[in-house]
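Fold and geometry: a report
Chain by chain, the residues run as shown.
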Amino acid sequence: MLIALSVGGSILAKDLSTEGFLAYAGMLKELSKEHKLIVVVGGGVAARDYIRTARNLGANEAESDYIGISITRLNAQLLITALGEDAYPVPPLDYKEAQRALSSGKIVVMGGVIPGQTTDAVTAIVAEYIKADLIVIATSVDGVYSADPKKDPNAIKYETLTPKELVKIVISTEMKAGSQSPVDLLAVKIIERSNIKTIVMHGADPMKVADVIMQENMGSMPSKKIPLGTRIVG
Ligand code: UTP
């Protein structure tokens, strides 16, 4: 399969631990024996810290976004270093370059691309551009909920959603002050129009990400043992 994997910075670059990068790199090397991979890395807490200070210094939103993009690319570069020979050596700067990089046969790792979006949107757009079979969004929540599970004890996790249903949920979440949906609206709109099967799941344990991808590849029924997150299927 051709897979576009989004790994949140809050997952991969948490504390910038060497072990965290090596664990993801090990899992990606194994997966790449069977699948073509493009990995999009987020900025995490460092990006938020840099953006906050940039704003305090008077940067506008687009300028702040460029600073966030730089951090995502630094995180991507660290993952490339951890992957060594198995990775394309630099993060592609745009979608066309990402497609060319994939033809090297190596794992491609990239960060942000242009202001006004997040790396979830980068993942959805690059997936559409390269005609990926599967999008996996490995983030800091274990799926898409009807409400914020930290605030609402009655929030339920969806096992399966259509892209249209996901768009509705994301719009209603983003309308509520202070709420943040696990996938940004632009990403969801791209997923809707490209109709690429997508899984939103917790990314803390890279082996679980690999398990879910392998299960998806075999087309087997979801096993109760594997935390599945939410599957978006048209
Ligand atoms: P992230 O994708 O990490 O944003 O990009 P996030 O929502 O904070 O994601 P998590 O929490 O790590 O999962 C960091 C910042 O970089 C800029 C945006 O400012 C974003 O908030 N960015 C990223 C862009 O402007 N364009 C891009 O293509 C990517």
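For the structure, check the block above.
About the criteria used
Residues numbered from 1 in each chain as written. Predicted model: local features only at pLDDT ≥ 70, side-chain atom pairs only at ≥ 80, totals over all residues. Heavy atoms only, no water. Core = buried A, V, L, I, M, F, W, Y, C linked by side-chain atoms within 4.5 Å. Buried < 20%, exposed > 50% of the residue type's maximum accessible area, 1.4 Å probe, protein only. Helix = DSSP H or I, 4+ residues; strand = E, 2+ residues; numbered from the N terminus. Contact = heavy atoms within 4.5 Å. Pairing = 2+ DSSP bridges. Axes fitted to C-alpha atoms, helices over the stretch in contact; angles between N-to-C directions. Polar contact = N/O pair within 3.5 Å; in protein donor to acceptor, adjacent residues only side chain to side chain.

1. A word on the nonpolar core
- Grouped together as the largest cluster of nonpolar side chains are 35 residues, with contacts concentrated most on Ile38, Met110, Val126, Ile130 and Leu166.
- Mapped onto this core, the elements with two or more residues apiece are strand E1 (2-7), strand E2 (36-41), helix H5 (95-102), strand E3 (108-110), helix H6 (119-130), strand E4 (134-139), helix H7 (163-175) and helix H8 (185-194).
- Counting residues per element, this core draws most heavily on H6, which supplies seven residues.
- Once residues within four sequence positions are removed from consideration, Met110 is found in contact with Ile38, Val39, Val40, Val41, Ala76, Pro91, Pro92, Asp94, Ala98, Val122 and Val126.
- Counting 32 residues, the second-largest nonpolar core is a separate cluster that includes Met27, Val41, Ile107 and Val212.

2. Considering the sheet that holds E2
- With respect to topology, seven strands assemble into an open sheet ordered E3-E2-E1-E4-E6-E7-E5, the strand pairing being mixed. In the strand order of this sheet, the two ends are held by E3 and strand E5 (160-161), each with one partner.
- Both strand E6 (residues 197-202) and strand E7 (residues 230-232) contribute to a ladder of three bridges, which runs antiparallel. Across the sheet, Thr198 pairs through a bridge with Ile232, a residue of E7.
- With respect to the sheet, H5 is in contact with E1, E2 and E3, its orientation differing from that of E3 by roughly 160 degrees.

3. Concerning the pairing of E2
- In terms of residue burial, E2 counts as a mostly covered element, since five of its six residues are buried.
- Two elements, E1 and E2, share six bridges in a ladder whose sense is parallel. Bridging from a neighbouring strand, Ile3 pairs with Leu37 of E2.

4. Quick look at the environment of Ser104
- By the element assignment, Ser104 lies in the loop between H5 and E3.
- Ser104 sits in the partly exposed class, given a relative accessible area of 38%.
- Sequence separation between Ser104 and Thr123 is 19 residues, and the spatial gap between their C-alpha atoms is 19 Å.
- Side-chain polar atoms of Ser104 contact the backbone nitrogen of Lys106, separated by 3.2 Å.

5. Observations concerning unusual backbone geometry
- Of note, Lys131 is a non-glycine position whose phi angle comes to about 60 degrees, a positive value.
- Tracing the backbone shows Lys131 in the loop between H6 and E4.

The values reported here are purely geometric and, on their own, carry no functional implication.
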